[in-house]
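Listed below are the residues making up each chain.
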Number of protein chains: 2
Amino acid sequence: MSSLTTAIEDVPEDWAGHGGRGLTSTIVATEVDPTCHPLGPNNKLVIAPGLLSGTPAANSGRLSVGAKSPLTGTIKEANAGGTAAQLLARCGCKALIIEGQPRDNGWYSISLSPSGITIEPEYALVGKGNFTTVESLEKRFDGKRGIITIGPAGEMKMAAANISVKDPDGKLRSAGRGGLGAVMGSKKVKFIAFAPQDGKVEISAPDAFKAANKAFAKALTSHPISQGLGQYGTNVLVNIINESGGLPTKNFTLGQFEGHEKISGEAMYDIIQARGGKPKHGCHPGCVIQCSQIYNDADKHYKTSGFEYESIWAMGADCCVEDLDAIAEADSLMDDLGLDSIETSVAMGVAMEAGVLQFGDGEGMCRILRDDVAQGTGLGRIIGGGAGLVGKSFGVTRVPVVKNQAIPAYDPRAIKGIGITYATSTMGADHTMGYSIATNILNVGGSVDPLSKEGQVELSRNLQIATAAIDSTGMCLFIAFAALDDEACLPALIDLINARFGLSLTGDDVVNLGKYILKTEKAFNEKAGFTREDDRLPEFFHTESLPPHNVVWDYQGEEIDSFWDF
Amino acid sequence: MSSLTTAIEDVPEDWAGHGGRGLTSTIVATEVDPTCHPLGPNNKLVIAPGLLSGTPAANSGRLSVGAKSPLTGTIKEANAGGTAAQLLARCGCKALIIEGQPRDNGWYSISLSPSGITIEPEYALVGKGNFTTVESLEKRFDGKRGIITIGPAGEMKMAAANISVKDPDGKLRSAGRGGLGAVMGSKKVKFIAFAPQDGKVEISAPDAFKAANKAFAKALTSHPISQGLGQYGTNVLVNIINESGGLPTKNFTLGQFEGHEKISGEAMYDIIQARGGKPKHGCHPGCVIQCSQIYNDADKHYKTSGFEYESIWAMGADCCVEDLDAIAEADSLMDDLGLDSIETSVAMGVAMEAGVLQFGDGEGMCRILRDDVAQGTGLGRIIGGGAGLVGKSFGVTRVPVVKNQAIPAYDPRAIKGIGITYATSTMGADHTMGYSIATNILNVGGSVDPLSKEGQVELSRNLQIATAAIDSTGMCLFIAFAALDDEACLPALIDLINARFGLSLTGDDVVNLGKYILKTEKAFNEKAGFTREDDRLPEFFHTESLPPHNVVWDYQGEEIDSFWDF
């Protein structure tokens, strides 16, 4: 972006085996100085489809985005659905690397097609929300084009800004966490468009691929969690996590929310049905789980989709808002502004604790998004800067963050395995990095008592290693439930990769890939100055006990550090 | 404060030889968990007079305040003049330790006298500025009482909040840096009062003390820098540092300020004289240098005192404001709000870079202080949170901080010795920790070329060791000029300590004390998670060259780390 030029380079041999997170983390670790300012010219934004993206493999449409994070200061990968991963792969592109910054401070767009890549000045869409941007681009270009965009939050370089990806309905999917939208904003790229492409990615052994895909899809669709996700979406978890006593409520002071029924997946399903929405919906072509949904407002007009448990928890239980419509409105505003709905909503909870607005004030939350965040006022900058920034600005001590990233929807005092993930993740608190909830709560992949310390470090380690590998394939993380329980699933996935590339990988290779990724990411963080002291939960988890189990986070540092013994 | 109780404890034997910074850092390192939240109940605020405070020794009236800093996360000591150190010492108090937090969230005051110590609820002065607070307390109590107070910034727990100490005129002196006012605010202590005390501190060898004090005062008063400070105050430096090309201008983009003459010490002297102010004035009884002054407004009414070079630089050159009256107004507002005028003004410079206000807009600066910081608006919280918080909130990459503390008035690219001090200081960027300017620019203690890397690490090391020791005596740091140049000065200071306590310390003992303090502080920081990667200047100093010398900060990490080889 500094010279407004593009170059197409062959894939270095060392990187040929990588895709998705494995590739973004490898490139960032190789090419980005870990001590650089995340919003300066020396950071790079890397966008990569997964190893299986662009193929007909079920659930293979996730796009990885990587950079040094302005929120955490660590290496970062966030991934999203939508159509971009598949189109990018079909353009023959293994990764798009955006580096430098324009000297003229103007805004630009990037267009990519099999015939090349161009950078154009952009004027019309600067300052516009994501919905308007995508709608306008559907008109400006062919409607089938893949789009990656940032909203006003990314333009303003807010640390909670996400990157949005157009989905099959022309709506949005988000690479949410870690402020990658601010990195794209710092490069002055408003959007990236991928030209439609009829070509298919080459498959080395088509018959074997087809057979493997059949077995793989069967494993996915037959798992009961997949089926639950299809009916109620991820929001099926509100009642389950509330029952477990690990639903962080009122800025992490309680483990259960009185209003949980009103914001539950079951209540949401009824509302969706009554208003002519869609309870079951895929975020990308080829998804067989369909955990997304279309949530309409009372007038039966589209309000939001990809309305996830973690966002609903954060605005609901954590902010004590019982009104699902207010939550949907805030979720839609965040999508339009281009804000991570976990980070921003946890930030709202901390702001409520500071007295900026009352707990339960869903309208107030929407007002702050419209009048402050969208306008870039001081308060808007604070909220858009994430939970840690709210804590620092208002002198709040109960700030649920690790490495400055907001802790999501599972209290680590009552569900200890996820606490190990929050503490040790190379990217700050993030449930998706090693989703212990599967085994701590859902009895997937066995059962580990959530309230006991026993077995949690090993559980989190195995899940984080597996997740890093899955995040490299372009697969949705929700294949993990079947992979943990169904013996046919993981071999079928490995068969897919082998058939795609003509390889003969084994399960060990996949595990080694996951370990390599985690160690690569950790090495970057260490060079950036992170130490084991950063692998810790905030003090209040140790000193404040969580009802109803009245438990604290009782790990010693050395116990946590043993996570890295592999 | 948790139980609203007080206790008077004997001084542990290990601590008997400590005072000032040596004592606050020892107590904080011993009693405070380095990983605690700085604004939570587990931090402690420690207030200690120096070893010689309360005696008739010249310039011995500095008060040390220590805690874990909410700005930097490191251990912190800040010291101030005023009358409190002397009165506290004459109360027989070696250190006041404030711990815990009230459970009722109410505000309190602490009163200390030789007959005991009490905690009282405080209502009337909550929300009031420092000037009103001190004036009200002069009426409420005997006018001779020593007062330590926080302003609204400290009450709001802003990370740039300072702690103010009443001076002999009933005005304010500040323990400025590191947000210690927020720690006092988090303890809900609005002010601390020391009852007047006729008693004197015991002196073991009065005649030897008297003789040593005479020699010591003579060394101080005969040094040319002391004399310059007496005439023009510290602001004598504007023209000198501008001439050197190391006067950071326009948020650290230039090394010289076109308007330097208008804000110089010489211009200030003329204004003070014309308006019936005082160019020469002491911040505490017994000062023989008298670098303070009384600056009146155009109507010849008191506006500010202790109007220091670093504050004038920050509001002047760094924010491009050429109007000394606007700077004095902002300085007075910051004193009243209880804000570190270095941190807050550098924050203004970063905010100017972000476009919040224009460079040069002194009126705008005052307006933000009145309408935003005083009211606790979002923008006010951001500015009051310091330069680092402004950078994070607005996505600015040119943010002059080390360990999140604003870099003061000397550009490290053009004056490299001070850069080593900024990088390695145990407390974030702070010129007073090892004032290399003495030898780099003023030719005190020899001469080391400011533009060359040669000898800077050793210079900073020697100065930081000496400073840590001086900060323990209760002496003003400005004794250092005489100590570096006049062979009689340091022996006289050691004689003073020996005569006070009946000891036979040598110069080596003083050096060892300084080393012990630095290592104690560093050990605290390491336990808090700081590493050598934190001993670095921001990226832009490496990549942006500073006119007029067109120099960058060109140190490798290992060169900086060799500072700690002692």
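Conventions we followed
- Residues numbered from 1 in each chain as written.
- Chains lettered and ligands numbered in written order.
- Predicted model: local features only at pLDDT ≥ 70, side-chain atom pairs only at ≥ 80, totals over all residues.
- Heavy atoms only, no water.
- Helix = DSSP H or I, 4+ residues; strand = E, 2+ residues; numbered from the N terminus.
- Buried < 20%, exposed > 50% of the residue type's maximum accessible area, 1.4 Å probe, protein only.
- Contact = heavy atoms within 4.5 Å.
- Areas by Shrake-Rupley, 256 points an atom, 1.4 Å probe, with all protein chains shown as cover.
- Lys, Arg positive; Asp, Glu negative; His and termini not counted.
- Charge placed at Lys NZ, Arg CZ, Asp CG, Glu CD.
- Core = buried A, V, L, I, M, F, W, Y, C linked by side-chain atoms within 4.5 Å.
- Least-squares fit on C-alpha atoms with pLDDT ≥ 70 in both.
- Pairing = 2+ DSSP bridges.
- Patch = residues over 30% accessible without salt bridge, like charges linked within 9 Å, V, L, I, M, F, W, Y side chains within 5 Å.
- Salt bridge = Lys/Arg side-chain N within 4 Å of Asp/Glu carboxyl O.
- 1 Å grid on protein atoms, 1.4 Å probe; cavity = no way out; pocket = protein on both sides within 12 Å on 5 of 7 lines; lining within 4 Å.
- Points joined across faces, edges and corners; volume = space filled by probe spheres on them.
- Expected span 1.5 Å × (residues − 1).
- Axes fitted to C-alpha atoms, helices over the stretch in contact; angles between N-to-C directions.

Draft legend 1. Spotlight on the overall build of chain A. Along the backbone of chain A there are 23 helices and 15 strands. Principal-axis analysis of the C-alpha atoms gives chain A an extent of 60 × 50 × 50 Å. When each of the 566 residues of chain A is scored for burial, the buried share is 66%. Intrachain contacts of chain A at a sequence separation of at least 6 include 71% that bridge at least 24 residues. Accessible surface computed for chain A: about 18,900 Å², of which carbon and sulfur atoms make up 48%. Side chains of chain A carry 49 positive and 68 negative charges; the gap between the two charge centres is 4 Å.

Draft legend 2. Quick look at the nonpolar core. Judged by nonpolar contacts, the single largest core of 197 residues is most densely connected at Tyr-410 of chain A together with Tyr-410 of chain B. The residues touching Tyr-410 of chain B, leaving out its near neighbours within four places in the chain, are Leu-237, Ile-241, Gly-246, Pro-248, Tyr-309, Glu-310, Ile-415, Ile-418, Tyr-422, His-431, Tyr-435 and Ile-437 of chain B.

Draft legend 3. Main features of the relation of the copies chain B and chain A. When chain B is fitted to chain A, the best match, at an RMSD of 0.0 Å, comes from turning it 180° and sliding it 0.0 Å along the axis. Expressed as an axis order, the relation between the two copies is that of a two-fold axis. Residue Gly-378 of chain B, judged by its C-alpha, is the member of chain B lying nearest the rotation axis, at 2.1 Å.

Draft legend 4. Representation of the pairing of strand S8 (residues 163–166) of chain A within the structure. Residue and element names in this part refer to chain A. Because side chains alternate across S8, one face comprises the buried residues Ile-163 and Val-165, and the other comprises Ser-164 and Lys-166, equally buried. Sheet topology note: the strand S7 (residues 146–149)/S8 ladder contains two bridges and is antiparallel. Paired with Thr-149 across the strands is Ser-164, a residue of S8. Where S8 and strand S9 (residues 172–175) come together, four bridges link them in antiparallel fashion. Considered in S9, the bridge of Val-165 is made with Arg-173. In sequence, S8 turns back onto S9 through a hairpin of five residues, with Gly-170 there showing a positive phi of about 80°.

Draft legend 5. Fine view of a nonpolar patch on the surface. Taken together, the side chains of Phe-501, Leu-503 and Leu-505 of chain A present a nonpolar region at the surface, about 220 Å² in accessible area. Position of Phe-501 of chain A relative to the elements: it lies in helix H20 (residues 489–501).

Draft legend 6. Highlighting empty space enclosed by the protein. Residues and elements named next belong to chain B. Evaluation of the coordinates by the stated rule reveals one cavity of 30 Å³ or more. Taken as a whole, the largest cavity spans an internal volume of roughly 30 Å³. Taken together, Gln-231, Tyr-232, Gly-233, Gly-265, Met-268, Tyr-269, Ile-272, Pro-279 and Gln-293 form the lining of the largest cavity. Every element with two or more residues in the lining of the largest cavity is listed here: helix H7 (224–232) and helix H9 (265–274). Per element, the largest residue contribution to the lining of the largest cavity is four residues, and it comes from H9.

Draft legend 7. The arrangement of the environment of Gly-388 of chain A in detail. All names here are of chain A. Structurally, Gly-388 can be placed in helix H15 (residues 387–394). For the pair Gly-388 and Ala-406, spaced 18 residues apart in sequence, the C-alpha separation works out to 7.4 Å. Dropping the residues within four chain positions of it, Gly-388 is found in contact with Glu-343, Val-399, Val-401 and Asn-404.

Draft legend 8. Inspection of helix H18 (residues 456–473) of chain A at higher detail. Here H18 of chain A is 18 residues long and its end C-alpha atoms lie 26 Å apart, about the 26 Å a rise of 1.5 Å per residue gives. Phi turns positive one or two residues past the end of H18 of chain A, at Gly-474 of chain A, with a value near 90°.

Draft legend 9. Summary view of the sheet that holds strand S8 (residues 163–166) of chain B. Residue and element names in this part refer to chain B. Pairing within the open sheet is mixed, and its six strands lie in the order S6-S5-S10-S7-S8-S9. Two strands in the sheet have a free side with no partner beyond their single neighbour: strand S6 (116–121) and strand S9 (172–175). Here the average twist between neighbouring strands, direction ignored, is 20°. Across five bridges, the pairing between strand S5 (residues 108–113) and strand S10 (residues 189–194) is parallel. What sits directly across from Ser-111, in S10, is Ala-193. Of the strands in this sheet, strand S7 (146–149), S8, S9 and S10 touch helix H3 (residues 130–140), which is tilted by about 150° from S7.

Draft legend 10. Representation of unusual backbone geometry in the model. Put simply, Pro-547 of chain A and Pro-548 of chain A share a cis peptide bond, and its omega is 0°. By secondary structure assignment, the location of Pro-548 of chain A is in the loop between helix H22 (539–543) and helix H23 (557–561). With phi around 55°, Lys-250 of chain B is a residue other than glycine that occupies positive phi space. In this model, Lys-300 of chain B sits at a positive phi of 65°, which is unusual for a non-glycine residue. Note on placement: Lys-300 of chain B falls in the loop between strand S12 (292–296) and strand S13 (302–305). Residue Lys-300 of chain B is classed as exposed on the basis of its relative accessible area of 53%.

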